[in-house]
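# Examining the three-dimensional arrangement
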Amino acid sequence: MRISDLYIGRQVLKGTLYAVIVLGVVLVFGNLYREIQTLLVDKRLPPGMVLRFVIGVLPMSLIYTIPWGFLSAVLLVFGRLSVNHEITSFRVAGLGLVRLSAPVFVIGGALSLLSLWLNLNVVPFARDSTTKLIYEQAARDPASLLKPGITQIFKGDSSEVQKLLVEGRDGEWVTGFHFYVLPGKNAPDVRPTYVHAKRAAITVDRQKSQLRIKLEDAFSESYDENGEIRVALAGRAEPLLINAKDAGTPSMKPNAMSNDRIRYELATNRNLSDTKKAKLRAELASRYSFSMACLAFSFIAVPLGLQTRRRDTSRGLVLSLVIGTGYFLTTILADQVDDGVASMAVLWAPNVACVALGIYLFRRARFR
């Protein structure tokens, strides 16, 4: 290993670490600030669960901050080397640009492997755990979900979904009570039901994690077996029971599922629509394509960094923002594509474009 490798590799690693820390703090605290009202006030989560939320968000931020931080570091390091004419000195010593960039490719490959491990093993679990925080709170303290004006989902299984909305509170009573029973994703034949009451008295059975609701001036609307609407009115109604414990099993989204779970669903679930299958396959592909961002950025960051001719860092930072934003937006757009083949093409297009453009820029930079 040459001294130049240690010299450049140390600077790139140090710059990447600093950038990841700064970007990670911004993303984590940005998510926490956005959710803090819901977590602490609306849901009344204890500090321990809020800490779990922060720990869960951290791995999700790393899949963005590692590539972005690496790109920024390489642009700034090679921009400074170019400004100080150190690149010229290395060339005079017989080191070509490609050989000089070897530490960047090694670090980019290592960070891509780290990103791949995070995407396959850590991030899905983190997404699933942060989603379940609210559902765990529902089972632990159902009364904390009765925030006026916010629709709460109490049951998220495959057969039906129960939603509750209250308009206001008056002591032990709630006013403007609305309760919905809707078909689940895997049971579209479940007949919807709607219950409304002018006032409702809600008590909590913490042992059973149930809400017991007595209704006044109640109105209900449902469908019978023939599909006809049935309407009922009552001055007082028997207690309505809502089991908040069922909220502990929310339906999983593709990005919160492990690779094995996705492959199992694709292989065994015959009820999946073509659109759902495309989403699951795209999620698998995105984890691999997204992980290659650091290696792809290695090809374009070095020649772009060499183009810096002034003693400032603004150009490198702006370039990293533009390239990173374009890369991540392209991958996000793949979620809007229903066709499986087109989605794969969109997911891998940024990596292919970075490599192709990087090779072209390297060839130009070698002869300057």
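Keep in mind it's a predicted model, so treat the numbers as computed, not measured. Per chain, residue numbering runs from 1 following the sequence as it is written. In view of the model being predicted, local features appear only for residues whose pLDDT reaches at least 70, and side-chain atom pairs are presented and counted only at 80 or more, with totals across whole chains, interfaces and linings using the full set of residues. As a convention, hydrogens and water are excluded, and side-chain values are obtained from all of the structure's heavy atoms.

With that out of the way, let us pick up the overall build of the protein. Counting its regular elements, the protein contains ten helices and six strands. The classification of residues rests on relative accessible area computed with a 1.4 Å probe and restricted to protein chains. Under 20% of the type maximum is buried, over 50% is exposed, and intermediate values are partly exposed. In the protein, which comprises 368 residues, the share counted as buried stands at 43%. Long-range pairs, those at least 24 residues apart, make up 66% of the contacts in the protein with a sequence separation of at least 6. Carbon and sulfur atoms make up 60% of the accessible area of the protein, which totals about 19800 Å². Numbered from the N terminus, helices here are DSSP runs of H or I no shorter than four residues, and strands are runs of E no shorter than two. Contacts between residues were defined by any pair of non-hydrogen atoms, one from each residue, lying within 4.5 Å. The Shrake-Rupley method, run with a 1.4 Å probe, gives the accessible areas here. Residue values count only the displayed protein chains as cover.

Now for the pattern of salt bridges. The salt bridge criterion pairs a side-chain nitrogen of Lys or Arg with a carboxyl oxygen of Asp or Glu, the two atoms within 4 Å. For the structure shown, the criterion picks out four salt bridges. One salt bridge in this structure joins arginine 99 and aspartate 5, with 2.9 Å as the shortest N-O distance. With a gap of 94 residues between them, arginine 99 in helix α4 (residues 97-100) and aspartate 5 in helix α1 (residues 3-42) connect regions that are remote in the sequence. When its relative accessible area of 34% is taken as the criterion, arginine 99 is described as partly exposed. Note on aspartate 5: relative accessible area 11%, which makes it buried. The partner of arginine 261 in a salt bridge is glutamate 265, and the shortest N-O contact between them spans 3.3 Å. Within this pair, arginine 261 and its partner glutamate 265 are both found in helix α6 (residues 259-268), separated by four residues, close to a single helical turn. Overall, the relative accessible area of 34% leaves arginine 261 in the partly exposed class.

Ring pairs are drawn from Phe, Tyr and Trp, using the six-membered ring of Trp, whenever the two centres fall within 6.5 Å, and their geometry is named by plane angle: stacked under 30 degrees, edge-to-face over 60, tilted for the rest. As enumerated under the stated definition, the model contains seven aromatic pairs in all. Measuring from ring centre to ring centre gives 6.2 Å for phenylalanine 290 and tyrosine 327, while their planes differ by 45 degrees; the resulting arrangement is tilted. Of this pair, phenylalanine 290 sits in helix α7 (residues 274-291) while tyrosine 327 sits in helix α9 (residues 314-333), and the two are 37 residues apart along the sequence. Judged by relative accessible area, which is 3%, tyrosine 327 ranks as buried. Within the aromatic cluster, the residues linked to one another by ring pairs are Tyr64, Phe290, Phe297 and Tyr327.

Turning our attention to the packing of α6 against α7. In this analysis an axis means a line fitted to C-alpha atoms, helices contributing only their contacting stretch, and an angle means the value between N-to-C directions, from 0 to 180 degrees. At a minimum axis separation of 10 Å, α6 and α7 run at an interaxial angle of 150 degrees. By the angle class used here, α6 and α7 are roughly antiparallel. Considering the relative orientation of α6 and α7, their crossing is left-handed. Taking contact as the criterion, the partners of Asn259, Ile262, Arg263, Glu265 and Leu266 in α6 are, on α7, Lys277, Leu280, Arg281, Glu283, Leu284, Arg287 and Tyr288. Any angle that falls under 35 degrees is termed roughly parallel, while one over 145 is termed roughly antiparallel, one within 65 to 115 roughly perpendicular, and all others oblique. Take the far helix as the reference: if the near one is turned anticlockwise from it by less than a right angle, the crossing is left-handed, and if turned clockwise, right-handed.

Okay, the nonpolar core next. Throughout, nonpolar core names a set of buried Ala, Val, Leu, Ile, Met, Phe, Trp, Tyr and Cys residues whose side chains join them through atoms within 4.5 Å. Membership of the largest hydrophobic core comes to 44 residues, with the highest contact counts inside it found for Val12, Phe70, Val74, Phe78, Val104 and Phe297. Secondary-structure elements contributing two or more residues to this core are α1, α2 (47-83), α3 (86-92), α4, α5 (102-140), α8 (293-306), α9 and α10 (340-366). Looking at this core element by element, the count peaks at twelve residues for α2. Excluding anything up to four places from it in sequence, valine 12 contacts Phe70, Ala73, Val74, Val77, Val104 and Ile107. Formed by 13 residues, the second largest nonpolar core is a distinct cluster that contains Leu164, Val174, Val181 and Ala218.

This next bit is on a nonpolar patch on the surface. Patch construction takes residues with relative accessible area above 30% that form no salt bridge. Like charges are linked within 9 Å, and nonpolar side chains (Val, Leu, Ile, Met, Phe, Trp, Tyr) are linked within 5 Å. Together, Leu17, Tyr18, Ile21, Val25 and Phe29 make up a nonpolar patch on the protein surface, roughly 530 Å² of accessible area in all. With respect to the helices and strands, isoleucine 21 occurs in helix α1.

Here we come to the side chain of serine 112. Structurally, the position occupied by serine 112 is in helix α5. Looking at serine 112, its side chain comes within polar contact range of the main-chain nitrogen of leucine 295, at 3.0 Å. Ignoring sequence-local partners within four residues, the contact set of serine 112 consists of Ser291, Met292, Ala293, Cys294 and Leu295. Pairing of N or O atoms within 3.5 Å defines a polar contact, subject to two protein rules: one partner must be a possible hydrogen donor and the other a possible acceptor, and residues neighboring in sequence count only if both atoms are side-chain atoms.

Close inspection of predicted coordinates is inappropriate for parts of the model with low pLDDT. For every residue, the pLDDT score states the predictor's confidence, bounded by 0 at the bottom and 100 at the top. Summing up the model confidence of the protein, the mean pLDDT is 76 and the portion of residues at 70 or higher is 72%. The least confident element of the protein is strand β1 (residues 152-156), whose mean pLDDT is 55; the most confident is α8, at 88. A low-confidence stretch, residues 247-251 stays under pLDDT 50, and its non-local contacts, those more than four residues away or across chains, total ten contacts.

Right, let's get into unusual backbone geometry. With phi around 50 degrees, aspartate 217 is a residue other than glycine that occupies positive phi space. Structurally, the position occupied by aspartate 217 is in strand β5 (residues 210-223).

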